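# What the coordinates show
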Amino acid sequence: MSHLEIISPYLTKITADNKTLDQEAFDKALEKLEPYVAQLLKGNMNDVFSLLYKLDVSEEKVKFILFGDHQDQTSKLLAEAILQREIVRRFFRLKYSAK
């Protein structure tokens, strides 16, 4: 199962104005995505870096998460970064596909 299959049902909760995401939907998506990211982190780190690169998650953000002083929250913070990036991607896709 991919990260998109996990979070897609929650991404559709973006409101009609395409500017906000229901906080409950965000929290549920994060709750579902975090174990997926934790499993990735236990495996091959190249897979993690490949996913983050494909999603275009900021390199500075990834370095901060991986090498910062919060190792016990790595999977949650990476899941948040992935989710935030997917929300931005969806926002722009919806915004520019309507024209």
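This structure is a prediction, so every number in the text was calculated from the model and none was measured. (Residues numbered from 1 in each chain as written. Predicted model: local features only at pLDDT ≥ 70, side-chain atom pairs only at ≥ 80, totals over all residues. Heavy atoms only, no water.)

### Considering the pattern of salt bridges
One pass over the structure, following the stated rule, counts three salt bridges. Salt-bridge contacts for Asp56 lead to Arg85; the nearest nitrogen and oxygen are separated by 3.5 Å. Linking Asp56 in the loop between helix H3 (45-55) and helix H4 (59-67) with Arg85 in helix H5 (residues 74-97), this pair joins segments that are 29 residues apart in sequence. According to the relative accessible area criterion, Asp56 is exposed, its value standing at 52%. Here Arg89 ties to Glu86 by a salt bridge, and the two come within 3.4 Å at their closest N and O atoms. Here Glu86 and Arg89 lie together in helix H5, a separation of three residues that amounts to about one turn. A residue is classified by how much of its surface remains accessible, and Arg89, at 27% relative accessible area, is partly exposed. Glu86 sits in the buried class, given a relative accessible area of 3%. (Salt bridge = Lys/Arg side-chain N within 4 Å of Asp/Glu carboxyl O. Helix = DSSP H or I, 4+ residues; strand = E, 2+ residues; numbered from the N terminus. Buried < 20%, exposed > 50% of the residue type's maximum accessible area, 1.4 Å probe, protein only.)

### Regarding helix H2 (residues 23-42)
The end-to-end C-alpha distance of H2, which contains 20 residues, comes to 28 Å, matching closely the 28 Å that a straight helix rising 1.5 Å per residue would cover. At Leu33, H2 is bent by approximately 30°, the largest bend along its length, and proline Pro35 sits one to four residues beyond. Listed in full, the buried residues belonging to H2 are Ala25, Phe26, Ala29, Leu30, Leu33, Val37 and Leu40. (Expected span 1.5 Å × (residues − 1). Bend = angle between axes of the 7 residues up to and from the residue.)

### Some points on the side chain of Ser75
Assignment of secondary structure puts Ser75 in helix H5. Exposure remark for Ser75: the relative accessible area of 15% places this residue in the buried category. A distance of 3.4 Å separates a polar atom in the side chain of Ser75 from a polar atom in the side chain of Glu34. Not counting residues up to four positions away in its chain, the partners in contact with Ser75 are Glu34, Val37, Ala38 and Leu41. (Polar contact = N/O pair within 3.5 Å; in protein donor to acceptor, adjacent residues only side chain to side chain. Contact = heavy atoms within 4.5 Å.)

### Remarks on a nonpolar patch on the surface
Together, Val88, Phe92 and Tyr96 make up an exposed nonpolar region whose accessible area comes to about 280 Å². Within the fold, Tyr96 resides in helix H5. (Patch = residues over 30% accessible without salt bridge, like charges linked within 9 Å, V, L, I, M, F, W, Y side chains within 5 Å. Areas by Shrake-Rupley, 256 points an atom, 1.4 Å probe, with all protein chains shown as cover.)

### Some remarks on the confidence of the model for the protein
Residues of the protein with pLDDT of at least 70 account for 87%, and the chain-wide mean is 83. Element-level mean pLDDT values for the protein span from 73 in helix H1 (residues 3-11) up to 91 in H4. (pLDDT = per-residue confidence, 0-100.)

### Points about the nonpolar core
The biggest cluster of nonpolar side chains holds 24 residues, and the ones touching the most others in it are Ile7, Leu33, Leu52, Leu78, Ile82 and Leu83. When residues of this core are traced back to their parent elements, those giving at least two are H1, H2, H3, H4 and H5. With seven residues, H5 is the largest single contributor of residues to this core. (Core = buried A, V, L, I, M, F, W, Y, C linked by side-chain atoms within 4.5 Å.)

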